[in-house]
Amino acid sequence: MQFKGRTVAAFILLTMAASVLVTLTVADRFVAIGSEGTAARAASSESSGQYGLNEKELRKLNTVLGLIETKYFRDVDRTKVMDGAINGMMEALGDPYSVYMQKTVAKQFSETIEGSFTGIGAGVQIKEGKITVESAIKGSPAERAGVQPNDVLVSVNGEKLAGLSLNDAVAKIRGPKGSKVKLVIQRAGLSQPLQLTIVRDDIDYETVYAHLREDGIGVIEIRQFSLNTGDRFAEELDKLEKQHMKALIIDVRGNPGGVLPVVVSVAQPFVPKGQPIVQVEDKSGHREKTVSSGTGKTYPVAVLMNKGSASASEVLAGALKEEAHAVLVGETSFGKGTVQVSYDKQLADGSLIKMTIAKWLTPLGNWVHEKGLKPDVAVQPPDYYTAARMSKEKTLVPNTIDENTKSLQIMLAGLGYKVDRKDGYYSAATASSVKAFQLKAGLPVTGSADKATAEKVEEQLIAKIRDENSDTQLQKAVSVLKGKLGVAN
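A quick note: this is a predicted structure, and the numbers were derived from the prediction, not measured.

> Looking at this structure, how should I read the pattern of salt bridges?
Any two side chains of opposite charge can pair if their charged atoms end up close together. What the rule picks out here adds up to 25 salt bridges. Here R253 makes a salt bridge to D251, at a shortest N to O gap of 2.9 Å. Residues R253 and D251 agree in their burial class; the two are buried. One continuous salt-bridge network, built from bridges that share partners, spans R213, D215, E468 and K482.

Put into structure tokens, the structure is as follows:
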């Protein structure tokens, strides 16, 4: 979640507008030190309470830079060396959410706030030195390809990502709409890396989708907390209430977060006036509460979340659970409990620093960092929700073992076909199910899964996943709300 300025939530954004303008009172303690008078100010920094390099530190850095420029056996790009030094300082913090962004990357991130953008639609961070997926945006190319939270990106188009900065990794994943990016992904529980080919696309900038079910239960899906999300949420909530909505489901599954004031505005109508929505705690332990000016709602509310619900999504879920008696349904959330501020004006060259300056807590003071919020009603999605897309680079045939066959078996079972295993061995029963599928789909009946068969299987499975009646987590939330309304399920 982000304070002030431009989002730097570290997105392959390339992809999404993750956030920004925050108005909570957080002191900006950055001290800009210019070239004139630097030594005098730096030398007295420790005694005067100022921050920045002291004379000894400044001399050391200048010495190293001078040695590089005069002694290194090749010509060097001074800007690149300086950027490397700043990157090193940020990486030394050991915080995946504190990063330096060079001018080009910073511009790409800021552009995502203003309009549409192109990419694969996945948030990433550096975790234990590896480029790791935070979440895939719902409906994005990444989600359709089966990218999951905590997937480790090993390589992009054959280029290894190990050792690269987040900036460099993101730059390799970006690309124009319609272009392909080949990802090698390491996923916990799989013996072999996954190979996915994803076509980059425009990421839908609309963040709020709503409808009223026939049973009178409203559903509002929030895909991220962007600058216009608060207004859009208010519009859709007003429409549903005018249609005499009886209860509400707020769906933040796969929502990686966004702007703090926006999530506060979304929570406001549900949290009674004067009650806290979120607390922010600085390094000295001082806590500042943001309290509601709303009146509270009388109808029951459920929040749908999963392991891709992070940051601002968790702020909302925590506030509605603790202060508005909402029921949390689904999976334990991602667990990001820190607050970032982006500093660009101080650097004055178009680059920016995004840095963690505090942690946020729920109204009751709970810190969800690296733990997540646990649901009141736990519902795991079917295994076919997270099955990796098949590569389709080769035809899958009987009596072979392949990770793609494992995905095929999971998908066929999800579509109602009988399978005897889901371990990647192409058994006779698997071939029989493939034949049954091919016959029903009007494809050549061979028992082997060629590209056309694989594409058709995935197409039908995606249609099933998008069918509200097949959404087990949402159906459970509906059941919970009907129970609160005293309506028989």
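> Looking at this model, I keep getting lost on the environment of V262. Mind explaining?
Position of V262 relative to the elements: it lies in helix α9 (residues 260-267). Classification of V262 by relative accessible area gives buried; the value is 8%. C-alpha separation for the pair V262 and L227, spaced 35 residues apart in sequence, amounts to 6.8 Å. With residues near it in sequence (within four places) discarded, V262 still touches F225, S226, L227, T229 and G230.

> For this particular structure, what's the right way to read a nonpolar patch on the surface?
Together, Y72, F73 and V76 line one region of the surface with nonpolar side chains, adding up to about 320 Å² of accessible area. By the secondary structure assignment, F73 is in the loop between α3 (55-71) and α4 (78-91). On the basis of relative accessible area, F73 is assigned to the exposed category, the value being 62%.

> Looking at this structure, how should I read the environment of F225?
Inspection of the secondary structure puts F225 in the loop between β12 (217-222) and α8 (229-242). For F225, a relative accessible area of 0% translates into the label buried.

Thresholds applied
- Residues numbered from 1 in each chain as written.
- Predicted model: local features only at pLDDT ≥ 70, side-chain atom pairs only at ≥ 80, totals over all residues.
- Heavy atoms only, no water.
- Salt bridge = Lys/Arg side-chain N within 4 Å of Asp/Glu carboxyl O.
- Buried < 20%, exposed > 50% of the residue type's maximum accessible area, 1.4 Å probe, protein only.
- Helix = DSSP H or I, 4+ residues; strand = E, 2+ residues; numbered from the N terminus.
- Contact = heavy atoms within 4.5 Å.
- Patch = residues over 30% accessible without salt bridge, like charges linked within 9 Å, V, L, I, M, F, W, Y side chains within 5 Å.
- Areas by Shrake-Rupley, 256 points an atom, 1.4 Å probe, with all protein chains shown as cover.

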